[in-house]
Amino acid sequence: MSDLRKIKSALISVYHKERIDEIVEKLKQIDVKIYSTGGTQKFIEGLGVEVTPVESLTSYPSILGGRVKTLHPKVFGGILARRENEGDIAQLQEYDIPEIDLIIVDLYPFEDTVASGALHADIIEKIDIGGIALIRGAAKNFNDVIIVPSQNEYDDLLTLLNEKDGESNLQDREGFACKAFATSSHYDSAIFNYFNQGKDDLFRVSHNQSKVLRYGENPHQRGVFFGKFDELFDKVHGKEISYNNLLDIDAAITLIDEFEETTFAILKHNNACGCASREKLIDAWKDALAGDPVSAFGGILVTNAAIDVETAAEMNKLFSEVVIAPGYDADALEILKSKKNRIILIRKETKIPTAQFRSVLNGVLYQDRDLKQEIAVELKPVTTTQPSADKVEDLLFANKLVKQSKSNTIVLAKNKQLLASGVGETSRVDALKHAIEKAENFGFDLKDAVMSSDAFFPFSDCVDIAHGVGVDSVIQPGGSIRDQDSIDFCNDHGMAMVFTGTRHFKH
């Protein structure tokens, strides 16, 4: 038997009415019988199109304040009946149940209602029951029925109606069914996550929007981004954003969010290679670039201030992959656009989620994002020499950078400028030596610089090495059983050291 099916009847039950007039008009043209209920029925009648109330089919009115409208055998029988099953068809005839070939549903806006800050009772009323049942029933019977589960599928439906006059093949219907189960599973995940707040024994995540990337981390790997990038940024210029760009963008905004004063940072492979806080943006840019002008080539440039013409002109001298800022002067934007492939993003005020998760082995690791920010009054001085107020500002500056760098990491800073860092090392001593080597290669004087570590020092070797190049103040979590070794060294050599009590590993 042919897998072609002609739409002869449709049931429409939607929350939003946009484009329903266009669909209904086409259904009328191809002589489709339309069933509907409630507000959708009134809307269709207002278009001057004949519509049969579901109540006349079921002989039951909408009850319980509209909670029960379509949940009836005369509706679901017509949807679930297998057209090639003689027993099913016989029962349809016995109970006077019409076949229903097309279901169009637009679910109650549960996620939007939650996001609006509505009362709990109002949120519960936006849990759709009949619509979800219609979607699942029609999708299960995709062999015979077309299910349109959301407004996102209206274009596909209209294409089928306009180009095929309502005739579909099995591949068409299976495609709609796949999207239907995606819609229902996403909807149920949203409801689950609303009820599951503050609990961690179960995990669900769902994204309906996706973008296929050129490739993954490397050209031989597939890559797809699932999420709503446009909620966070306006992309105003440049090439397609890649998998690696997205990782760097995430790292960049996570870092820049640590700072309140005007700051510029340059990142490469998720780590800062330059960063400075200054009163003027141009000075922040110049001092950030000075931290490592070699690594900055092809980097990610991010700031928390609107970019002016003077700064843009200096930035434009450097090849960069991505520029991120909350805004741009008009002329500054034109300067930066002169490089056709440079990705330019305007950061919106929307915050990134506070939950983090990633695949590991055959499961998922979940954690809260590291939002702990140390402040001066929380620091615990542990040495005889106390850091000055200016030193405390440098220590906190360095600690923000060490928090957002790959472990093991050491950061050297002075006057709110990143002098150098050693990141992703298997040894904390190696991280420090790497940082010292970089700082010296770029001509920085480490005398009176500060040092930050993402984790405690198990021995006094790091403070010993740091002292040897001029570092005079240290910030670290503390917590080693041999903390006293480092404290004693600092006391013996006039160094200041403070404990934060908080480790900031990042892997």
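Residues numbered from 1 in each chain as written. Predicted model: local features only at pLDDT ≥ 70, side-chain atom pairs only at ≥ 80, totals over all residues. Heavy atoms only, no water.

Q: Just checking my understanding: could you explain helix H1 (residues 20-29) for this structure?
A: For an α-helix, 3.6 residues make a turn, and residues three or four places apart therefore share a direction. Three or more residues of H1 are buried, namely Ile-20, Ile-23, Val-24, Lys-26 and Leu-27. Across the axial projection of H1, the buried residues extend over an arc of 160°, all falling on one side. (Buried < 20%, exposed > 50% of the residue type's maximum accessible area, 1.4 Å probe, protein only. Helix = DSSP H or I, 4+ residues; strand = E, 2+ residues; numbered from the N terminus. Arc of directions from axis to C-beta.)

Q: Looking at this structure, I do not really get the sheet that holds strand E4 (residues 52-53). What am I missing?
A: Strand pairing within a sheet occurs via backbone hydrogen bonds; the two strands may be parallel or antiparallel. Spatially, five strands are ordered E4-E3-E2-E5-E6 in an open sheet, and the strand pairing comes out parallel. Of all strands in the sheet, those with a lone pairing partner are E4 and strand E6 (146-148), marking the two edges. (Pairing = 2+ DSSP bridges.)

Q: Where do I start with the side chain of Asp-172 in this structure?
A: Assignment of secondary structure puts Asp-172 in helix H10 (residues 170-195). Of the polar contacts made by the side chain of Asp-172, one reaches the side chain of Lys-164; its length is 2.8 Å. (Polar contact = N/O pair within 3.5 Å; in protein donor to acceptor, adjacent residues only side chain to side chain.)

Q: What is the right way to read the nonpolar core from this model?
A: Side chains of a nonpolar character, in soluble globular proteins, are inclined to be buried together. In this structure, Ile-12, Ile-23, Leu-27, Leu-102, Ile-103, Ile-104 and Leu-161 are the most contacted members of the largest nonpolar core, which totals 51 residues. If sequence neighbours within four positions are ignored, Ile-23 has contacts with Ile-104, Tyr-154, Leu-157, Leu-158 and Leu-161. Ranked by size, the runner-up nonpolar core spans 38 residues in total, among them Leu-246, Ile-300, Val-322 and Ile-324. (Core = buried A, V, L, I, M, F, W, Y, C linked by side-chain atoms within 4.5 Å. Contact = heavy atoms within 4.5 Å.)

Q: Got a minute to help me understand the environment of Lys-8 in this structure?
A: As for its placement among the helices and strands, Lys-8 is situated in the loop between strand E1 (5-6) and strand E2 (9-14). A relative accessible area of 60% means that Lys-8 is categorised as exposed. Setting aside residues up to four positions removed in sequence, Lys-8 forms contacts with Asp-31, Val-32, Lys-33 and Asp-101.

Q: Would you take a moment to explain unusual backbone geometry for this structure?
A: Generally, phi is negative for residues other than glycine and the peptide bonds are trans, each holding for most cases. The step from Ser-407 to Asn-408 runs through a cis peptide bond, and the omega angle for that step is -15°. Note on placement: Asn-408 falls in the loop between helix H15 (389-403) and strand E19 (410-414). One non-glycine residue, Leu-361, adopts positive backbone phi at about 50°. Tracing the backbone shows Leu-361 in the loop between strand E16 (355-360) and strand E17 (363-368). Owing to a relative accessible area of 87%, Leu-361 belongs among the exposed residues under this scheme.

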